[in-house]
Amino acid sequence: QVQLVESGGGLVQTGGSLRLSCAASGRTFSNYAMGWFRQAPGKEREFVAGISLYGGTTAYADSVKGRFTISRDNAKNTVFLQMNSLKPEDTAVYYCAARSPTTLIMGLMNARSYADWGQGTQVTVSS
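Scope of this entry: the structure provided in the associated data block. What you are looking at is a predicted structure, and each value in this text was computed from that prediction instead of being measured.

1. Details of the nonpolar core
Counting 37 residues, the largest nonpolar core has Met34, Trp36, Leu81, Met83 and Tyr94 as the members making the most contacts within it. Looking at this core, the elements with two or more residues in it are strand S3 (18-25), strand S4 (33-39), strand S5 (46-51), strand S6 (58-60), strand S7 (68-73), strand S8 (78-83), strand S9 (92-99) and strand S11 (121-126). Top contributing element to this core by residue count: S9, with five residues. Not counting residues up to four positions away in its chain, the partners in contact with Leu81 are Leu18, Arg19, Leu20, Trp36, Val48, Ala49, Phe68, Thr69, Ile70 and Tyr94.

Here's what the structure looks like:
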């Protein structure tokens with residue numbers, strides 16, 4: 001099991017930017033593909049972005065393509081989500097998650113394939 005702690009959430013105006021971080025501990029970070037998911041009030045958790053072990057493969061939800069960028073620093077056991085041009089509909093609790101290695105886009109997008117989850121960080125975008 002890997003422990004995950006998200007940070008970097010907050011309140012931002014429409015068009016603004018935030019950078020989320022997820023620090024991992026407990027296991028070898030580079031053995032895990034990582035993903036970001038989000039859940040808005042009254043809605044199901046949805047995929048946002050995913051990244052393979054060394055960053056060679058990334059995947060994004062259509063709603064964030066061109067605005068969000070996922071990256072990782074295996075030396076620092078951290079995965080990042082850079083969020084630009086934020087919109088009110090991006091308001092949600094954002095979770096990072098870890099799963100077994102994959103380079104398949106569908107594998108990165110499948111929430112059920114992720115075994116370990118953080119507690120989440122709130123992102124609120126005001127209009």
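2. What to know about a nonpolar patch on the surface
Together, Ile105, Met106 and Met109 give the surface a local cluster of nonpolar side chains, amounting to about 280 Å² of exposed area. With respect to the helices, strands and loops of the structure, Met109 is situated in helix H1 (residues 105-109). In this structure Met109 comes out as partly exposed when scored by relative accessible area, which is 31%.

3. Describing the side chain of Ser21
Note that Ser21 resides in strand S3. Accessibility expressed as a relative area gives 18% for Ser21, which makes it buried.

Reading the values: rules and limits
Residues numbered from 1 in each chain as written. Predicted model: local features only at pLDDT ≥ 70, side-chain atom pairs only at ≥ 80, totals over all residues. Heavy atoms only, no water. Core = buried A, V, L, I, M, F, W, Y, C linked by side-chain atoms within 4.5 Å. Buried < 20%, exposed > 50% of the residue type's maximum accessible area, 1.4 Å probe, protein only. Helix = DSSP H or I, 4+ residues; strand = E, 2+ residues; numbered from the N terminus. Contact = heavy atoms within 4.5 Å. Patch = residues over 30% accessible without salt bridge, like charges linked within 9 Å, V, L, I, M, F, W, Y side chains within 5 Å. Areas by Shrake-Rupley, 256 points an atom, 1.4 Å probe, with all protein chains shown as cover. Salt bridge = Lys/Arg side-chain N within 4 Å of Asp/Glu carboxyl O.

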